Amino acid sequence: KEPPTVDDFLERWDTNMFEHMPGVEKCPGAKDIVTKLAERKLPLAIATSSRAKAVEQKRKRHEDIFEKIDTIVTGDDPSVKNGKPAPDIYLEAAKRLGVQPDKCVVFEDSMTGALAGKRAECFVVAVPDPRSSEEEKAKFREVADLVLLEDLNQFHDLVALP
């Protein structure tokens, strides 16, 4: 039997991911931050390595957040030539929002995403997975401008929203 093609692999990947997506919860504090920023009329984007098909599945469960987002740039977007840790996805999101990248705040839970945000010259807020080791958390501290070790609710305590 011949090995699977890239398209076969991606189809299987999507099928497995879609089976697990209904159980994916919001990050604690995400809805509150998005709501507060949207109320202040700040432009909001999602810049995710996920493919558009996967984002649509996530949107079904979290429409209360997605409805406040001005633009979404996915990993399979034709304008994104290089994936994270390259800055392309954040540069494209900033472009679509009409905002200079150095005026953008990036919330990231992955090291490759944090690196991409810094390479785009954005202010990076890292929210590492609580299961991360101390070594992994230390690496985030080297890259990000701000590291939230609990969850997004800490952002309110540390930063005064406009």
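Residues numbered from 1 in each chain as written. Predicted model: local features only at pLDDT ≥ 70, side-chain atom pairs only at ≥ 80, totals over all residues. Heavy atoms only, no water.

In this section: the packing of helix H6 (residues 111-119) against helix H7 (residues 134-143). A pair of packed helices can be characterised by two numbers: the angle between their axes and the separation between those axes. Where H6 contacts H7, the two axes come as close as 10 Å, and the packing angle between them is 5 degrees. The orientation of H6 with respect to H7, classified from their angle, is roughly parallel. Seen from H6, the contacting residues are Met 111, Ala 114, Leu 115 and Lys 118; seen from H7, they are Glu 136, Lys 139, Phe 140 and Val 143. Per-class residue counts for the contact of H6 with H7 are 5 nonpolar, no polar and 3 charged. (Axes fitted to C-alpha atoms, helices over the stretch in contact; angles between N-to-C directions. Helix = DSSP H or I, 4+ residues; strand = E, 2+ residues; numbered from the N terminus. Parallel < 35°, antiparallel > 145°, perpendicular 65-115°, else oblique. Contact = heavy atoms within 4.5 Å. Nonpolar A, V, L, I, M, F, W, Y, C, P; charged D, E, K, R; others polar.)

Before going further, it helps to spend a moment on the packing of aromatic side chains. A complete count under the given rule lists 1 aromatic pair for this structure. Both rings, one in Phe 107 and one in Phe 155, keep their centres 5.0 Å apart while their planes meet at 75 degrees; by these two values the pair is edge-to-face. Placement of the pair is Phe 107 in strand E3 (residues 105-108) and Phe 155 in helix H8 (residues 154-158), with a sequence separation of 48 residues. (Phe/Tyr/Trp six-rings, centres within 6.5 Å; stacked < 30°, edge-to-face > 60°.)

On to the nonpolar core. Within soluble globular proteins, side chains that are nonpolar tend to cluster in buried spots. Ranked by internal contacts, the top residues of the largest apolar core, which has 19 residues, are Ile 89, Tyr 90 and Cys 122. Going through the elements one at a time, helix H5 (88-97), H6, strand E4 (123-126) and H7 are the ones with two or more residues in this core. Among the elements that make up this core, the one with the highest residue count is H5 (4 residues). If near-sequence neighbours (up to four positions away) are discounted, Tyr 90 is found in contact with Ala 47, Lys 84, Val 106, Glu 108, Gly 113, Ala 116, Gly 117, Ala 120 and Cys 122. Counting 13 residues, the second-largest nonpolar core is a separate cluster that includes Val 34, Leu 37, Leu 44 and Val 127. (Core = buried A, V, L, I, M, F, W, Y, C linked by side-chain atoms within 4.5 Å. Buried < 20%, exposed > 50% of the residue type's maximum accessible area, 1.4 Å probe, protein only.)

A few words on the state of the cysteines. In protein structure, a disulfide is the covalent linkage between the sulfur atoms of two cysteines. The full count for this structure, using the stated rule, is 0 disulfides. The cysteine Cys 104 is free of any disulfide, with Cys 122 supplying the nearest cysteine sulfur at 4.9 Å. (Disulfide = S-S within 2.5 Å.)

What follows is about the sheet that holds strand E5 (residues 146-147). Across a sheet, strands are paired by hydrogen bonds formed along the backbone, either parallel or antiparallel in direction. Judged by pairing direction, the sheet is parallel, and its 3 strands sit side by side in the order E3-E4-E5 without closing on themselves. Since the sheet does not close on itself, it has two edges, and those belong to E3 and E5, each with one partner. Looking at chain direction, E3 and E4 are connected through 4 bridges and run parallel. From the neighbouring strand, Glu 108 faces E4, where its bridge partner is Ala 126. (Pairing = 2+ DSSP bridges.)

This paragraph deals with the pairing of E4. In the classification by handedness, the crossover that spans E3, the intervening H6 and the parallel E4 is right-handed. This β-α-β element, E4 to H7 to E5, shows right-handed connectivity. (Right-handed = clockwise from strand over helix to strand, strands pointing away.)

Along the chain, Thr 48 turns up in strand E1 (residues 45-48). We classify Thr 48 as buried; its relative accessible area is 14%. Those residues in contact with Thr 48 that sit more than four places away from it in its chain are Val 55, Val 73, Thr 74, Gly 75, Lys 84 and Ile 89.

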